[in-house]
Amino acid sequence: MNTLLRGIGVLATVGTVSLLAFSLPSGGEARGDGGGDVMPRLTHKAWQQECASCHLAYSPALLPRASWQRLMGGLDRHFGENASLDPATRADILRFLEANAADSGTSRMGNKVMQRMGANDAPLRVTETRWFVREHDEVPRATWSRKSVSSAANCAACHRQAEKGVFDEHDIRIPK
Amino acid sequence: MIERFLFSSLALLAMTSAGALAAETPASLMARYAQEAGVPASALSAARGAALYRTDHPGRDGQPVRCASCHTDNPKQPGRTRVGKRIEPLAPTANAERFTDAAQVEKWFRRNCTDVLQRECSAQEKGDFIAWLNQIK
């Protein structure tokens, strides 16, 4: 069983590495978008400071613009919590999210998310996107509710390099 | 239009200069909240602050909620957000950055008081709260 799993892991890794190799940008692009399961590498001070005080700073490439607009318009009731910001910071973060959203055409990850998104879909949760559901369809329901995981919003529980935007299969370790 | 632009520029300028002067201490924030509440700083109560921290309140979904739900019963320990992210300890003795930035302190009181108490905290409550955390050794 273990060998089988390891085999699958190796295959997945090889697959990912070759995907990466083929998806490297041909020109010298300033922004690293490694394709595969790597989020576009972005920096934005307020996004990182504010969003990441409570959860991972989810990549803007995971949701379309309409989703980010809805989400940032309701921060005082953010999934049951008050996450309100001063208007200037809110506008600053929203501009950044819109510019790099899944449907902004700026990242491979965004394109993958959009491939499975309906034209009028604007989900509020990354976990509601068809892309996410498909990527995680092998994870049993009970795993999400483990104390060590807490919530499907806790990417870093299993994706050890999530903070760096790396979501490769071989970095996954599901905690007990 | 021009007036509005001028006003927002002025507001921005005020915010920026306030940000530059953000180096507060727990004691200076206690003094500020006491003044806002119209009481001497000596009237702030660590015991009331502790009670505020430990008391259960009916949350938005009807489930009891209190500060310790996320920050744990011991504010010298790190807490966890609802989605499992680490929260640095609240007590200044365990986390020197606590209560050193007025804008941060106001932001979190505004958010967390509305989540836990379903209303904003009064200046007196904020002062009591810091008074309690600040005397923890």
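Quantities reported herein were computed from a predicted structural model and do not represent experimental measurements.

What counts as what
- Residues numbered from 1 in each chain as written.
- Chains lettered and ligands numbered in written order.
- Predicted model: local features only at pLDDT ≥ 70, side-chain atom pairs only at ≥ 80, totals over all residues.
- Helix = DSSP H or I, 4+ residues; strand = E, 2+ residues; numbered from the N terminus.
- Buried ≥ 20, exposed ≤ 12 C-beta atoms within 10 Å, placed from the backbone.
- Contact = placed C-beta atoms within 7 Å.
- Nonpolar A, V, L, I, M, F, W, Y, C, P; charged D, E, K, R; others polar.
- Domains from an automatic or database assignment.
- pLDDT = per-residue confidence, 0-100.
- Axes fitted to C-alpha atoms, helices over the stretch in contact; angles between N-to-C directions.
- Parallel < 35°, antiparallel > 145°, perpendicular 65-115°, else oblique.
- Left-handed = near helix turned anticlockwise from the far one by under 90°.
- Core = buried A, V, L, I, M, F, W, Y, C linked by C-beta atoms within 7 Å.

Q: Just checking my understanding: could you explain the overall build of chain B for this structure?
A: Scanning chain B for helices and strands turns up six helices and four strands. Beginning at the N terminus, the succession of helices and strands in chain B can be written as α-α-α-β-β-α-β-β-α-α. Buried residues in chain B amount to 21% of all 137 residues. Looking at chain B alone, contacts between residues at least 24 apart form 55% of all its contacts between residues at least 6 apart.

Q: What is the right way to read the overall build of chain A from this model?
A: Tallying secondary structure elements over chain A gives seven helices and zero strands in all. The order of α-helices and β-strands along chain A, N terminus first, is α-α-α-α-α-α-α. Evaluated residue by residue, chain A yields a buried proportion of 24% over its 176 residues. Look at the contacts in chain A between residues 6 or more apart in sequence, and 57% of them connect residues 24 or more apart.

Q: Explain the interface of chain A and chain B here, please?
A: Many structure descriptions define interface size as the accessible area lost when the parts assemble. Taken together, the contact pairs 12 residues of chain A with 11 residues of chain B. Per-class residue counts for the side of chain A that touches chain B are four nonpolar, seven polar and one charged.

Q: Before we go on, may I ask you to explain the domain arrangement of chain A in this structure?
A: Here the domain parsing of chain A yields domain 1 (43-125) and domain 2 (138-176). For domain 1 of chain A versus domain 2 of chain A, the distance between C-alpha centres works out to 21 Å.

Q: Sorry if this is basic, but what is going on with the confidence of the model for chain B here?
A: For any part of a model where pLDDT is low, the fine detail of the predicted coordinates should not be relied upon. All names here are of chain B. Looking at chain B, the pLDDT average stands at 88 and 84% of residues meet or exceed 70. Between the elements of chain B, mean pLDDT differs from a low of 47, seen in helix 1 (residues 2-20), to a high of 98, seen in helix 6 (residues 123-134). Note on residues 9-20: pLDDT is under 50 here. Beyond four places in sequence and across chains, it has one contact. Interface predicted TM-score (ipTM) for the complex: 0.78; the corresponding pTM is 0.78.

Q: Mind showing me how you'd approach the packing of helix 3 (residues 65-72) of chain A against helix 4 (residues 87-99) of chain A here?
A: Relative orientation and spacing of two packed helices are given, respectively, by the angle between their axes and the distance between those axes. Residue and element names in this part refer to chain A. Between helix 3 and helix 4, the least distance of the axes is 9 Å, while the angle of their chain directions is 165°. The orientation of helix 3 relative to helix 4 falls into the category roughly antiparallel. Regarding helix 3 and helix 4, the two cross each other, and that crossing is right-handed. Across the interface between the two elements, R65, W68, Q69 and M72 from helix 3 touch R90, I93, L94, L97 and E98 from helix 4.

Q: Please explain unusual backbone geometry as it appears in this structure.
A: Working note: non-glycine residues mostly have negative phi, and peptide bonds are mostly trans. Residues and elements named next belong to chain B. Positive phi, close to 55°, is recorded for F99, a residue that is not glycine. Mapping F99 onto the fold places it in the loop between strand 4 (86-87) and helix 5 (102-116). With phi around 65°, Q118 is a residue other than glycine that occupies positive phi space. Accessibility expressed as a C-beta count within 10 Å gives 12 for Q118, which makes it exposed.

Q: What should I look at first to understand the nonpolar core in this one?
A: Side chains of nonpolar character tend, in soluble globular proteins, to be buried together. Counting 18 residues, the largest nonpolar core has A61(A), L62(A), L63(A), W68(A), A101(A), A102(A) and V113(A) as its most contacted members. Looking at this core, the elements that each hand over two or more residues are helix 3, helix 4 and helix 5 (108-115) of chain A. No other element matches the three residues that helix 5 of chain A contributes to this core. Once you skip the residues sitting within four places of it in the chain, V113(A) turns out to touch A61(A), L62(A), A102(A), T129(A) and W131(A). Within the second largest apolar cluster, 15 residues are counted, among which are A34(B), F99(B), V105(B) and I130(B).

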